[in-house]
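Read off the chains here:
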Amino acid sequence: MKKPVIHRNYSLKAYNTFGIDVTADRFVEVRTLEDLQTVLTENNDGDIFVLGGGSNLLLTKHVTGLVIFLNLKGIQLLQTSDEYTMVEVAAGEVWHDFVLWTLARNLGGIENLSLIPGSVGAAPIQNIGAYGVELKDVFESCTAISIDGSHTRTFTAADCQFGYRSSVFKLDLKQKYIIVSVQFRLKNKNHLLHTSYGNIQAELDKMHIAKPSIQDISKAVIAIRSSKLPNPKEIGNSGSFFKNPVISQTHFDSLKTAFPDIPGYPNGSNLVKVPAGWLIEKCGFKGIRQGGAGVHDKQALVLVNYGNATGEEILSLAMQIQEKVSKTFNIQITPEVNVYA
Ligand code: EPU
């Protein structure tokens, strides 16, 4: 069988949704598990960078080592019971295409996660979430191959240690495993609808839908996301750039005195989650532009590339935002996006 081709000094512009034009020392696209195994065992000097949809990534400089573009495809029905269907999805499937696949079969559980950019394999890494649902709610297990290609391992939900936009793959096992497939448990019927979060109910009312199906919820989510979040095909971006910070109730109460309109959501005992978008907007960054970099005018949590921003320009804007938010509110906001710097 032909071995995968390794390209030298390869442009990554088309492989990251920020559209940053940097090159990689070496680049290889893998389409099968065998190819991945070959690449990991034969070309591996330990400096490996795995790329999925490139939608949660800010590249600020030339990438050293070998970039592996994980283009493994396939969706397989595993088993069906009266209540559930188990599905195994290859890491390189586009997340939203998979959501549409489930909706076409009336399988419930990920309709609120419609239109999230990125690949299926990246979804567990940061436990993607939106509108009251997180990946962990439908996750059964995932299969991953060790970075040296020596073994494969199955991870249960407990193994993954899911948290808010976090998992073991971002912490202790960072750069140690490559997720090659994810197994989901989806509902066949009696769908659990999550309509209370954000504007979903308002959007359903606007659509004159009183008894929503999972397909209707997906349509509502798509409408909301499309109105707030820029389409990366038109304006480069990586979705929310920062995580929403969690602060103490005491800290929140003192901020409430100075800023009576500050929003906050209870997050465990004596903790409050504050929308970073609000903090950033309050600091005056919403809609601003610095060279090719900017802050989206409809959602301040999203940094954008208006065309030819460098990764450094976007990072510099992100750092100015962090600094001002810290000075104004004494809150440290941290990137949700993986920054290669
Ligand atoms: N807000 C502002 N100004 C802004 C943006 C937001 O004041 O410019 C305030 C408003 O009070 C608003 C609140 O922030 O009610 C929440 O905004 P939104 O519903 O847009 O959600 P978010 O907290 O900013 C999170 C996720 C999104 C996800 C939405 C919906 C994070 C880091 N982001 O954003 O995820 O789509 O909730 O569930 O948790 C992503 O991770 O890339 C992403 C887009």
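Scroll up for the structure.
As the structure is a prediction and not an experimental result, all values here were calculated from the model.

What exactly am I supposed to notice about the nonpolar core here?
In this structure, Ile280 and Ile321 are the most contacted members of the largest nonpolar core, which totals 46 residues. If you list the elements that add at least two residues to this core, you get strand S2 (23-30), strand S3 (48-51), strand S4 (57-59), strand S5 (63-70), helix H6 (249-258), helix H7 (276-282), strand S18 (293-295) and helix H8 (311-329). Two domains each donate at least three residues to this core, and these are domain 1 (7-70) and domain 3 (236-340). The residues touching Ile321, leaving out its near neighbours within four places in the chain, are Phe242, Ile280, Phe285, Val295, Leu303 and Ile333. If you look at the next biggest cluster of nonpolar residues, it comprises 41 residues, including Val87, Trp95, Val120 and Ala123.

Where do I start with the side chain of Asn305 in this structure?
Structurally, the position occupied by Asn305 is in strand S19 (residues 302-305). At a separation of 2.8 Å, a polar atom in the side chain of Asn305 contacts the main-chain amide nitrogen of Gly307. A polar atom in the side chain of Asn305 sits 2.9 Å from the backbone nitrogen of Ala309. Every residue in contact with Asn305, bar those within four places of it in the chain, is listed here: Phe18, Gly19, Ile20, Ile235, Gly236, Gly292 and Ile314.

So what exactly am I meant to see when it comes to the site of the ligand here?
The local shell around the ligand holds 23 residues, among which Tyr131, Tyr164, Glu281, Ala300 and Glu336 are the closest. For the ligand, an oxygen atom lies 3.2 Å from a polar atom in the side chain of Arg225. Here a nitrogen atom of the ligand and a side-chain polar atom of Glu281 are 2.6 Å apart. Contributing elements (two or more residues each) for the shell around the ligand: helix H5 (214-228), strand S13 (236-240) and H7. Ranked by residue count, the leading element in the shell around the ligand is H7, at three residues.

Any chance you could explain the sheet that holds strand S15 (residues 265-266) here in plain terms?
Either a parallel or an antiparallel arrangement is found when strands of a sheet pair, and the pairing is made through backbone hydrogen bonds. If you trace the three strands from one edge of the open sheet to the other, you get S14-S16-S15, paired in antiparallel fashion. Each having just a single partner strand, strand S14 (246-248) and S15 make up the two edges of the open sheet. As judged from the three bridges shared by S14 and strand S16 (residues 271-273), these two strands associate in the antiparallel manner. The partner of Val246 across the bridge, within S16, is Lys273.

Whenever I open this one, H8 confuses me. Can you help?
Residues that lie three or four places apart on an α-helix share one face, since the helix turns once every 3.6 residues. Relative to the 27 Å expected for 19 residues at 1.5 Å per residue, H8 spans 27 Å between its end C-alpha atoms, a close match to the ideal helical length. Taken together, the buried positions of H8 are occupied by Gly311, Ile314, Leu317, Ala318, Ile321, Val325 and Phe329. Within H8, the buried residues cover an arc of 130° as seen down the axis, which keeps them to one side. Exposed residues lying more than 90 degrees from the buried face of H8 are Glu312, Glu323 and Lys327. On the buried face of H8, the contacting elements are S4, H6, H7, strand S17 (289-290), S18 and S19. Downstream of H8 by one or two residues, Asn330 has phi in the positive range, about 55°.

Would you mind going over the packing of aromatic side chains with me for this structure?
When we look at a pair of aromatic rings, we describe it by the centre distance and by the angle of the planes. The full count for this structure, using the stated rule, is 19 aromatic pairs. These aromatic residues form a ring-pair network of at least three members: Tyr10, Tyr15, Phe27 and Phe69. In this structure, Lys61 packs its charged tip against the face of Tyr340, placed 5.6 Å from the ring centre. Here Lys273 stacks its cationic end above the ring of Tyr164, 3.3 Å away from the centre of that ring.

Help me understand the sheet that holds S19 in this model?
Read across the open sheet, the four strands follow the order S13-S19-S18-S17; overall the sheet is antiparallel. The sheet is open, and its two edges are formed by S13 and S17, each paired on a single side. Examined bridge by bridge, S17 and S18 share two bridges and lie antiparallel to one another. Looking at S18, one finds that Arg289 is bridged to Gly294. On the sheet, H8 packs against S17, S18 and S19 and is oriented at approximately 35° with respect to S18.

What counts and what doesn't
Residues numbered from 1 in each chain as written. Predicted model: local features only at pLDDT ≥ 70, side-chain atom pairs only at ≥ 80, totals over all residues. Heavy atoms only, no water. Core = buried A, V, L, I, M, F, W, Y, C linked by side-chain atoms within 4.5 Å. Buried < 20%, exposed > 50% of the residue type's maximum accessible area, 1.4 Å probe, protein only. Helix = DSSP H or I, 4+ residues; strand = E, 2+ residues; numbered from the N terminus. Domains from an automatic or database assignment. Contact = heavy atoms within 4.5 Å. Polar contact = N/O pair within 3.5 Å; in protein donor to acceptor, adjacent residues only side chain to side chain. Near = heavy atom within 4 Å. Pairing = 2+ DSSP bridges. Expected span 1.5 Å × (residues − 1). Arc of directions from axis to C-beta. Phe/Tyr/Trp six-rings, centres within 6.5 Å; stacked < 30°, edge-to-face > 60°. Lys NZ or Arg CZ within 6 Å of the ring centre and 35° of its normal. Axes fitted to C-alpha atoms, helices over the stretch in contact; angles between N-to-C directions.

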